[in-house]
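Each chain, written out:
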Amino acid sequence: MLKTIALTVAICTYNGEKRLPEVFARLEQQIGWESFRWEILVVDNNSSDRTAELIRAYQTNWSVCSLRYCFEPRQGLAYARQRALSEAKGKYIGFLDDDNLPDSRWVQTAFTFGEAHPHAGAYGSRINADFAVKPPEGFEQFISFLGAKDRGEKAFIYEPRQRILPPGAGLVVRQQAWRENVPQELFLKGRVGKSQLASEDLEALAYIQNGGWEIWHNPEMQIIHKIPENRLEPDYLLAIARGIGLARYHIRMIRLPIWQRPLFFPLYTLNDLRKFLYLSFKYYCIQKNLATACEKEFVLNSLVSPFYLWKQSYTRK
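Residues numbered from 1 in each chain as written. Predicted model: local features only at pLDDT ≥ 70, side-chain atom pairs only at ≥ 80, totals over all residues. Heavy atoms only, no water.

Observations concerning the overall build of the chain
Here is step 1 of the chain: Regarding its fold elements, the chain presents nine helices and nine strands.
Here is step 2 of the chain: Its C-alpha radius of gyration of 20 Å places the chain within 12% of the 20 Å reference for a compact globule of 317 residues.
Here is step 3 of the chain: With respect to the three principal axes, the spread of C-alpha positions in the chain is 65 × 45 × 40 Å.
Here is step 4 of the chain: Scored against the burial criterion, the 317 residues of the chain give a buried share of 52%.
Here is step 5 of the chain: When contacts within the chain are restricted to residue pairs at least 6 apart in sequence, long-range pairs at least 24 apart make up 81% of them.
Here is step 6 of the chain: Accessible surface for the chain amounts to roughly 15,400 Å². Of this, 54% is attributable to carbon and sulfur atoms.
Here is step 7 of the chain: Across the chain, 41 positive and 34 negative side-chain charges occur, with their mean positions spaced 6 Å apart. (Helix = DSSP H or I, 4+ residues; strand = E, 2+ residues; numbered from the N terminus. Rg over C-alpha atoms; globule rule 2.2 N^0.38 Å. Buried < 20%, exposed > 50% of the residue type's maximum accessible area, 1.4 Å probe, protein only. Contact = heavy atoms within 4.5 Å. Areas by Shrake-Rupley, 256 points an atom, 1.4 Å probe, with all protein chains shown as cover. Lys, Arg positive; Asp, Glu negative; His and termini not counted. Charge placed at Lys NZ, Arg CZ, Asp CG, Glu CD.)

And the structure:
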């Protein structure tokens, strides 16, 4: 009797023709998965290169597991991941970006961790950043903006009171937890076009955590996150900080009961204002570097966030 598929490795890609072969090479070398079935699902997020032709070529000779392809015309990582959820056949769905290289046991440990932790709705990988060029001074202070934060070699639960969650790169979700708690359409779409609203992965995880599921860090799953030179340029990093800041109010409010939201709004606003004034002084008088500029940009847009999001909601309506 043929086993049901236990794990779907979902690769959301945009113009990944040149990056995907290295990801496939890593997936072809996976070991330890012989006791369960898994599949690869490539979600093409409206690419304009030869990504589709590349996948068809791989499908001709691919024998490791099932390799499927689907096209998502709506631009944005949130749309791509939602499409992956609707197409995936696995009990667990492991998300890899087209610049994420899993180690040889990533598939096996993604499955066994979920089976060993039945209350885990999602769990993140240990991420090792591979920089194409030397990062700017002070970069370690905002490396999490690029989803490349190494959370250490010990497993732990992300407690709601900690206000932190794993990044989307190398994230595994239990399909049941997502379907029961995450809306069909997320408010945050990712950085696409004129939209700067990032943190769509945190939005989904916040809903799962609110549903009573545990969110874990699983250091046995390890990936290399390749970071090209253009993602270390000041304009790009400032744009990332801006987008995460603008989305912050929405993430904050999801985590609070509805009755608490009006009470916490002025507290968050005053605290962000205090931080912004301090960072403005620090940047201009003490430490004028990119790290402080990014932190200042993040806090400024966290302060602006509720007003920006109210305007966005009104425009959509």
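What follows picks up the thread again.
Details of the packing of aromatic side chains
Here is step 1 of the chain: This model, assessed by the stated rule, comprises 17 aromatic pairs.
Here is step 2 of the chain: Where F95 meets W178, the ring centres are 6.2 Å apart and the plane angle is 50 degrees; that geometry is what we call tilted. Taken together, the residues F95 in strand β4 (residues 92–97) and W178 in helix α5 (residues 175–181) connect sequence positions 83 residues apart. Accessibility classification places F95 together with W178 in one group, the buried group.
Here is step 3 of the chain: The ring of F95 has R81 sitting right over it, with the charged end atom 5.5 Å from the ring centre.
Here is step 4 of the chain: In this structure, R252 is placed above the aromatic ring of Y268, and the distance from its NZ or CZ to the ring centre is 4.2 Å. (Phe/Tyr/Trp six-rings, centres within 6.5 Å; stacked < 30°, edge-to-face > 60°. Lys NZ or Arg CZ within 6 Å of the ring centre and 35° of its normal.)

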